[in-house]
Amino acid sequence: MKCPKCQFENREGVRFCEQCGAKMESECPNCGATIPLGSKFCGECGHNLTLPSEQPPKDLSFDEKLDKIQRYLPKGLTEKILSQRNKIEGERKQVTVMFCDMAGFTALVEKLVPEEGYSVMDKVYEILIHKVHDYEGTVNEMTGDGIMALFGAPIALEDAPQRSIRSAMAIHREMARFSDRIKEERESIPPLKMRIGIHTGPVVVGTLGNDLRVEFKAVGDTVNLASRMEGLADPGTTYVSENTFRLTEGFFLFEALGEKQVKGKKKPASVYRAIATSTRRTRFDISAERGLTPFVGRERELELLLDGFERSKSGRGQAFSIVSEAGLGKSRLLYEFRKAVTGEDVMFLEGRCLSYSRGIAYHPVIDILKANFDIGETDRDSEIREKVIRGLKILGVDETTTLPYLLELLSVKESGIDTIHISPEAKKDRIMETVKRIALKGSEIRPLILAYEDLHWMDKSSEDVLKYVLESIPGASVLMIFTYRPEFVHTWGSKSFHSQITLNRLSNRESLIMISHLLGTENIDSDLEELILEKTEGVPFFIEEFIRSLNDMKIIEGEGGKYSLAKGIESLTIPSTIQDVIMAKVDSLPDGAKEVLQTGSVIEREFSYEIIKRLMAFPEQELLSHLSILKDSELLYERGIFPQSVYVFKHALTREVAYNSLLLKARKKIHEKIVIVVEDLYPESLGEYYELFAYHSLQGEDWQRAYRYNREAGLKTFSLSAYEEAQKYFEAALEALHNLPRTRKWIEKEIDLGFNIRAALFPQARHEEWVKRMRDAELLAKQIDDDARLSNVFNYLSNFHWIRGECLKAIEVGQKGLDLARRAGDFSCQVATIFHLGFYFHTIGDFPKQIELHQEIRKIVTGEAVFQRHGMASVPSATARSCLALGMAELGDFKLIERIGQEAVEIAEQVRNAFTLVGVYVFLGMAYLRLGKVKLALQLLEKSHQTCLNSGVRSLFSYTAGSLGYAYLLLNEPSRALIIVEEGVREENLEAAAFWISHPLSDWK
Ligand SMILES: Nc1ncnc2c1ncn2[C@@H]1O[C@H](COP(=O)(O)OP(=O)(O)OP(=O)(O)O)[C@@H](O)[C@H]1O
Ligand SMILES: [Mg+2]
């Protein structure tokens, strides 16, 4: 028996070689029995041992397949995903889903023996998985005859939709090759083709398994629609939904297939077939294609580049790094620079790193070479070879030492590299040397500009080349320009010939120039202008995308040449293009930092250290380190001195995106906790935080607090005469109340909130709206037999009759209210009703009766009650006094007018409620007019009209205008009077104040 290792001739039957100790037995592949080496058949089962041993292919279990997926995942990605595991769970994400199925799978399987079928499918899976991973997607599921892959989840990716289509194209290409190969072996097999469907939409990420499989909690239509697209696709094609199409338009050629009925959807969906990649590869290319917004600002930066160019022309090589966040205009500046030097005799070569090219060695370098040798996308290998040889000749570069490397880089078959036997390191050195030589030789012919874009996506080998070339340029006519985002840190140290240009955000003025250009007009509503400025904060890319999405969503409209918001901004969502850019950055943060950012986003655009500390469970040192990561990555900046620091989101949109990525449930918890933390932190000054509490408790659905704080915030805001805002708070309080158990107290609160809302609506002249509330309140008050509240309702209803000019009816209902108030012993309601009744009598010219009632107010309302509203929009003790003065004046009873007027002004000016001030000034003004004190009257009337203009008191505007105009008329200034009165009788103003157009001698109903 010969030993297989040392060839020693052993005795028969030994188990180990007697010379070298090697094993002399083997195992039967069929039955597992131990058999001596060299046997031809197994002594146990008779298996022919001379046949090549072949493991029977077996069907992989699901877990085994997933394990396989794992093994193929790009290096580092697994760790990255798993490290964020708990954080990702429950996040809302925008994701691109790709379904990929083999067409005619069953038919194929029928043609093959099972083993063959499995091995074909295994190979197919391998192709699919590889091609998905090449573009940083993950395979989420293996279906019977294909896969479901995700791009942008679990980790957000910039350009996810674009990557998915590139991956789909790579799959089709690779499958065609594979199919050809199989066909060579077995002709009867039909061609293997995949159907691919893609859709982009929101999902809520659920748990994440060890195998990186993402469960979805809420998928809505997203996954479904992707699968439907796949179902529609013809074999060998990729169909994408409208969403995906919009996000990748320009990067690919598409065929619009029109609308197609999709199972499970009412409306048909638009479908597009992705045909081929276009020559445009970056977002900037697409913008340029669409038509660039005229260039604004950046004069100094452009000047610096031009200056550098001048120096490099004279043989003093220069390098510049243009650095900024995404979308600030690096590529644009480069483009403008290129334009500026077009007239010059210069070679301008550009290379780009792409978001999915980090794994592709020498990507930007190859770009530059292609540009240098003028190689086009469709050039065949032979043409490329020719062009390179010709190019090298012109440059005077030796062909033998460089050509194989160049052809290898340019993926030309038979580059000749196989015949050169050198180590990979040496090969790399030769490549670097070759590139450098080409650059330097080229610059001897004419000045050379080498621009490398987006180094933050650069592969390692290109970085080495760049560094190497950079070292050699100081004495050459070479200008190197790099662009990158701040996360890239270059490794070439400081060099005297290298400078950095940091792009800042555009100023408001510059942004406005862009905005007006994009909208095609300078006539833009100030609200809209402010909204765009606020959301986009001087980032040109955001400005363009934001306006585009406003347009697409029909949120703005241009009527009569003026652009304004057509819908409420509630319907506004962040364009996915912007969202992807931001989310990719947020996802690249380490664990805890991301959590801090998300929690902070729930608080507000800015949050204090004190609050975040209490909200998060981190120890101080850890929290500080997370915060400093967030600062370093320029997502937050810090104000104030620790520990009083406040952290501010550098960009409003970052906050929104981080906030939106949180699941509702998680957000709610944080909102709820914020209120409790702040209550606890500042127990002495809760009043300062009412608005903050109101918002967070409502979002946190802490209904008790939400009711309380929204009501408080409403009252606080009302006292500042901000009527619209106050109304919103009251409405929110009502919403909170509706989520609490319905008891008698509850109903009382609901009625009272109705009164609050009325008070806020009244000055805005929104009478129809508040009267509806009163009718509801009437029913509720009757339901619980609450006379006091019912009397209030009557009081308000009487007021409505009066507004409509039904004074007699108003008096009747008012009287009813007064009786009820007296019976219920409700003081405030009596005050309010008496006050109103007085008004009605004044209106119909029954001045004695009015005076009697308003004098009663003056008598019974004393002490603190003088300064209270008693459920009304104005303070009755002040307004009643001014009205009293006017009633007296009407009767020619001038004795007390000045004293009473003085009292009225003092009260009103102390309370500082706009509605009260306007009323007091205007009635007194009119009284002084009657007195003949026109100058004094004019002062008061001016004040009332001004206050009216400056605050939201629309219901008194016509009256103040009429009164002021009248005063100017008496002063013999008719033209001035006319301007004011004309404004007062403008239709919308009259509408708001119809009740003042009355005369005591009218025919009253
Ligand atoms: N100064 C400017 N004036 C007018 N438009 C500008 C200006 N700067 C940038 N833009 C426009 O804003 C968009 C984004 O700019 P650009 O692509 O140059 O940003 P970037 O900094 O290169 O972003 P990224 O980091 O994503 O590559 C482009 O459409 C560009 O034309
Ligand atoms: Mg760019």
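Residues numbered from 1 in each chain as written. Chains lettered and ligands numbered in written order. Predicted model: local features only at pLDDT ≥ 70, side-chain atom pairs only at ≥ 80, totals over all residues. Heavy atoms only, no water.

Bringing the side chain of Asn792 into the picture now. Looking at where Asn792 falls in the secondary structure, it is placed in helix H31 (residues 787-803). Those residues in contact with Asn792 that lie beyond four places of it in its chain are Phe755 and Cys829. (Helix = DSSP H or I, 4+ residues; strand = E, 2+ residues; numbered from the N terminus. Contact = heavy atoms within 4.5 Å.)

Bringing a nonpolar patch on the surface into the picture now. A surface patch of nonpolar side chains, amounting to about 280 Å² of accessible area, comprises Tyr966, Leu969 and Leu970. Its location among the elements puts Leu969 in helix H39 (residues 957-970). (Patch = residues over 30% accessible without salt bridge, like charges linked within 9 Å, V, L, I, M, F, W, Y side chains within 5 Å. Areas by Shrake-Rupley, 256 points an atom, 1.4 Å probe, with all protein chains shown as cover. Salt bridge = Lys/Arg side-chain N within 4 Å of Asp/Glu carboxyl O.)

Under the criterion given, the structure shown has 48 salt bridges. Taking the shortest distance from any N to any O, the salt bridge between Arg338 and Glu350 comes out at 2.7 Å. Residue Arg338 is located in helix H11 (residues 330-340), and its partner Glu350 is located in strand E12 (residues 347-352); the two are separated by 12 residues in the primary sequence. Where salt bridges share partners, they join Glu310, Lys313 and Glu344 into one cluster.

Quick look at the site of ligand 1 now. Around ligand 1 sit 24 residues in total, of which Arg283, Gly327, Lys330, Ser331 and Glu544 are the nearest. The backbone of Val296 places a nitrogen or oxygen atom 2.8 Å from a nitrogen atom of ligand 1. A distance of 2.5 Å is found between an oxygen atom of ligand 1 and a side-chain nitrogen or oxygen belonging to Glu544. Relative to its free-state accessible area of 630 Å², ligand 1 is covered by the protein chains to the extent of 97%. Where the shell around ligand 1 is concerned, the elements lending two or more residues are helix H9 (283-290), H11 and helix H19 (540-552). Of the residues that constitute the shell around ligand 1, the class distribution is 10 nonpolar, six polar and eight charged. (Near = heavy atom within 4 Å. Polar contact = N/O pair within 3.5 Å; in protein donor to acceptor, adjacent residues only side chain to side chain. Nonpolar A, V, L, I, M, F, W, Y, C, P; charged D, E, K, R; others polar.)

Further remarks concern the environment of Gly264. Note that Gly264 resides in the loop between strand E9 (252-260) and strand E10 (269-277). A residue is classified by how much of its surface remains accessible, and Gly264, at 81% relative accessible area, is exposed. Each C-alpha atom of the pair Gly264 and Leu225 lies 9.2 Å from the other, and the pair is 39 residues apart in sequence. (Buried < 20%, exposed > 50% of the residue type's maximum accessible area, 1.4 Å probe, protein only.)

Next up on the list: the sheet that holds strand E15 (residues 498-502). Spatially, E12-E13-E14-E11-E15 is the arrangement adopted by the five strands of the open sheet, whose pairing is parallel. Lying at the two open borders of the sheet, with one neighbouring strand each, are E12 and E15. In this sheet, neighbouring strand axes are inclined to one another by 15° on average, regardless of whether the strands run parallel or antiparallel. Bridge count for E12 against strand E13 (residues 448-453) is six bridges, and the pairing is parallel. (Pairing = 2+ DSSP bridges. Axes fitted to C-alpha atoms, helices over the stretch in contact; angles between N-to-C directions.)

Ile751, Trp770, Leu924 and Val953 are the most contacted members of the largest nonpolar core, which has 106 residues in total. Take this core: its biggest share by element is 13 residues, from helix H37 (residues 914-931). Beyond its immediate chain neighbours, meaning those up to four positions away, Trp770 contacts Arg758, Leu761, Phe762, Tyr796, Asn799, Phe800 and Ile803. Leu597, Leu627, Leu636 and Val677 belong to the second-largest nonpolar core, a separate cluster that totals 51 residues. (Core = buried A, V, L, I, M, F, W, Y, C linked by side-chain atoms within 4.5 Å.)

Okay, the sheet that holds strand E20 (residues 646-649) next. If you walk across this open sheet you meet the three strands as E18-E20-E19, and the pairing is antiparallel. Every interior strand has two partners, whereas the edge strands, strand E18 (606-608) and strand E19 (636-639), have only one. Averaged over neighbouring strand pairs, the angle between their axes works out to 25° when direction is ignored. Summarising the sheet, E18 and E20 pair through three bridges and their orientation is antiparallel. Within the sheet, the bridge partner assigned to Phe607 lies in E20 and is Tyr647. Against the sheet, helix H23 (residues 620-632) engages E18, E19 and E20, with an angle of about 115° to E19.

Here the focus is helix H40 (residues 974-984). Considered for burial, the residues of H40 that qualify are Ala977, Ile980 and Gly984. Seen along its axis, H40 keeps its buried residues to an arc of 70°; they face one direction. Along H40, exposed side chains directed more than 90 degrees from the buried face belong to Ser975, Leu978 and Ile979. (Arc of directions from axis to C-beta.)

Between helix H18 (residues 526-536) and H19, the shortest axis-to-axis distance is 9 Å and the interhelical angle comes to 130°. Judged by the angle between their axes, H18 and H19 are oblique. You can see that H18 and H19 cross each other, and the crossing is right-handed. Here Leu528, Leu531, Ile532, Lys535 and Thr536 of H18 lie close against H19, whose contacting residues are Phe542, Ile543, Phe546, Ile547 and Leu550. Residues of the contact of H18 with H19, tallied by class, amount to eight nonpolar, one polar and one charged. (Parallel < 35°, antiparallel > 145°, perpendicular 65-115°, else oblique. Left-handed = near helix turned anticlockwise from the far one by under 90°.)

Sheet analysis places strand E16 (residues 556-559) next to strand E17 (residues 562-565), joined by four bridges and oriented antiparallel. Counterpart to Glu559 in the pairing with E17 is Lys562.

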